[in-house]
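# Structural overview for review
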Amino acid sequence: MNLTISGHHVELTPAIREYVQGKLERIKRHFDHVIDIAVILTVDKLSEKEKRQRAEINLHVRGKDLHAESLADNLYAAIDTLIDKLDRQVIKYKSKQQEHQHEAIKRMPEEVTVSPV
């Protein structure tokens, strides 16, 4: 699994990196077939008093790309809501994959046994 954490208009401290990596453990617990993760943390300065923190993630799994984005006043809060959104998407993707596999097993032809005469 490749993990890329980048910042736009924000300095990425080791504490932020560890926080993101710790939160991503929750995703790995549900689904461990992740190929690539790209996290982008951004600070949008709208005015002197108002700052908006944005967190985005692109998660690449076999056959699908999952994307989530969140906005908050605090960067850590944005990361928390981002991981919640991504977690729901991963669980949904995993359940669809499992349903698809079970349908394939149900459609397999049964073996025909011929009794000797």
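This report concerns the structure included in the present document.

Below, the discussion takes up the overall build of the chain. Scanning the chain from terminus to terminus reveals 2 helices and 4 strands. Element order for the chain, N to C, with α for helix and β for strand: β-α-β-β-β-α. Taking the intrachain contacts of the chain between residues at least 6 apart in sequence as the baseline, contacts between residues at least 24 apart amount to 51%. Total accessible area computed for the chain in this model is approximately 8500 Å², and 50% of it derives from carbon and sulfur atoms.

Topologically, Q53 is positioned in strand β3 (residues 51–61). Exposure remark for Q53: the relative accessible area of 10% places this residue in the buried category.

Attention now moves to the packing of aromatic side chains. Enumeration over the complete set of coordinates arrives at 1 aromatic pair. Where Y19 meets Y76, the ring centres are 4.8 Å apart and the plane angle is 85°; that geometry is what we call edge-to-face. Of this pair, Y19 sits in helix α1 (residues 14–30) while Y76 sits in helix α2 (residues 75–106); the two residues are 57 residues apart in sequence, bridging distant segments of the chain. A residue is classified by how much of its surface remains accessible, and Y19, at 25% relative accessible area, is partly exposed.

If you look at the biggest cluster of nonpolar residues, it comprises 26 residues, and the most contacted ones within it are V20, L24, V39, L41, I57, L59 and L86. Every residue in contact with V39, bar those within four places of it in the chain, is listed here: L3, T4, I5, S6, V20, L24, E56 and I57.

Another point: α1. The end-to-end C-alpha distance of α1 is 25 Å, a good match for the 24 Å that 17 residues give at a rise of 1.5 Å each. Taken residue by residue, α1 has I16, V20, L24 and I27 as its buried positions. Projected onto a plane normal to the axis of α1, the buried residues spread over an arc of 60° and lie on a single side. What points out from α1, more than 90 degrees from its buried face, is the exposed set P14, E18 and R29.

Rules and cut-offs
- Residues numbered from 1 in each chain as written.
- Predicted model: local features only at pLDDT ≥ 70, side-chain atom pairs only at ≥ 80, totals over all residues.
- Heavy atoms only, no water.
- Helix = DSSP H or I, 4+ residues; strand = E, 2+ residues; numbered from the N terminus.
- Contact = heavy atoms within 4.5 Å.
- Areas by Shrake-Rupley, 256 points an atom, 1.4 Å probe, with all protein chains shown as cover.
- Buried < 20%, exposed > 50% of the residue type's maximum accessible area, 1.4 Å probe, protein only.
- Phe/Tyr/Trp six-rings, centres within 6.5 Å; stacked < 30°, edge-to-face > 60°.
- Core = buried A, V, L, I, M, F, W, Y, C linked by side-chain atoms within 4.5 Å.
- Expected span 1.5 Å × (residues − 1).
- Arc of directions from axis to C-beta.

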